[in-house]
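Observations on chain architecture
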Amino acid sequence: MAGRTLFDEALTAWDYARRSLIAEAEVVPDDGYDFRPTPSSRSYRDLLWHVVESGCMMTGELSRPDGDFTRKPYPELLAEHTAHLSPVDTPAELRALLERTLEDGLDRLRDAGEVHMLQQIRQFDGELSTRLSWMHHGIAHEEYHRGQAALYARLQGIVPALTRAIHGEDGEE
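Here is a short report on the structure shown in this document.

Reading guide: rules and limits
All residue numbers here refer to positions counted from 1 along the written sequence of the relevant chain. Given that the model is predicted, a residue must reach a pLDDT of at least 70 before its local features are reported, and side-chain atom pairs must reach 80 or more before they are shown or counted; all residues, however, enter totals for whole chains, interfaces and linings. To get the side-chain values, all heavy atoms of the structure are used, and hydrogens and water are removed first. Paired rings are identified among Phe, Tyr and Trp, the last through its six-membered ring, by centres lying within 6.5 Å, and are further divided according to the angle between planes into stacked (under 30 degrees), edge-to-face (over 60) and tilted (the rest). The helix count covers DSSP runs of H or I at least four residues long, the strand count covers runs of E at least two residues long, and both are numbered beginning at the N terminus. We call a residue buried when its accessible area falls under 20% of the maximum for its residue type, exposed when it is over 50%, and partly exposed in between, using a 1.4 Å probe and counting protein chains only. We define the nonpolar core as a collection of buried residues of types Ala, Val, Leu, Ile, Met, Phe, Trp, Tyr and Cys that are connected through side-chain atoms lying within 4.5 Å of one another. The contact rule is simple, with two residues in contact once any of their heavy atoms fall within 4.5 Å. Each axis is a line fitted through C-alpha atoms, and for a helix only the stretch in contact is used; angles between axes span 0 to 180 degrees, taken between their N-to-C directions. Angle categories: roughly parallel below 35 degrees, roughly antiparallel above 145, roughly perpendicular from 65 to 115, and oblique for all the rest. Three classes are used, and their members are as follows: Ala, Val, Leu, Ile, Met, Phe, Trp, Tyr, Cys and Pro are nonpolar, Asp, Glu, Lys and Arg are charged, and the others, Gly among them, are polar.

Inspection of every chain in the model, using the stated rule, returns seven aromatic pairs. An angle of 80 degrees between the planes, with centres 5.9 Å apart, marks the rings of phenylalanine 35 and tyrosine 152 as edge-to-face. Residue phenylalanine 35 is found in the loop between α1 (6-26) and α2 (44-63), and its partner tyrosine 152 is found in helix α6 (residues 131-155); the two are separated by 117 residues along the sequence. Accessibility expressed as a relative area gives 22% for phenylalanine 35, which makes it partly exposed. Counting every residue linked through ring pairs, the aromatic cluster contains Tyr33, Phe35, Tyr44 and Tyr152.

This is the structure we're talking about:
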């Protein structure tokens, strides 16, 4: 599409990554949200909650004029950027929260603007990068967890959403 900037493309990429994760979450029945591959692994529900938290922290820090991923310890950054969230009880509410925090995050980043996103921010490792570059890290993080979500589904005998989309509704390979 003519006139699209790298920032526009990054927003589109994040929208796609998050909506793809939501699609994976929609194929897992409610009782599958408590599944965990090992006792020390996150549950499916915990995995999706982690994406919500991380996405809120990403958009919060990237949109702040003084954003800096080292300005507070990681748990404190998460708490600051998720304080507005109410707990969810059901998988449907969790999927809706994934959707709502995506929409809110996209709005915050658009409001911050492209010039702001081209400014530098301190990453967790203390190095500087552009906010736009760091946003790509956040997108990759969500894609990583999308892969985990698909694997969790497979481990429960469920055909992942992407496989269903490629091979037909029943997902037979």
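On to the nonpolar core. Formed by 21 residues in total, the largest nonpolar core has its most connected members in Leu21, Val28, Tyr33, Tyr44, Leu48, Val52 and Leu98. Of the residues forming this core, the biggest block, six residues, is contributed by α2. Setting aside residues up to four positions removed in sequence, valine 28 forms contacts with Tyr33, Tyr44, Ala153, Gln156 and Ile158. Of all hydrophobic cores here, the second largest spans 20 residues; its members include Ala10, Leu109, Trp134 and Ile139.

The next point concerns the packing of α2 against α6. Running from N to C, α2 and α6 point in directions that differ by 175 degrees, and their axes come no closer than 11 Å. The pairing of α2 with α6 is recorded here as roughly antiparallel in orientation. Contacts from Tyr44, Leu47, His50, Val51, Ser54, Gly55, Met58, Glu61 and Leu62 of α2 reach α6 at Arg131, Trp134, Met135, Gly138, His141, Glu142, His145, Gln148, Ala149 and Tyr152. Of the residues assigned to the contact of α2 with α6, the class counts are nine nonpolar, seven polar and three charged.

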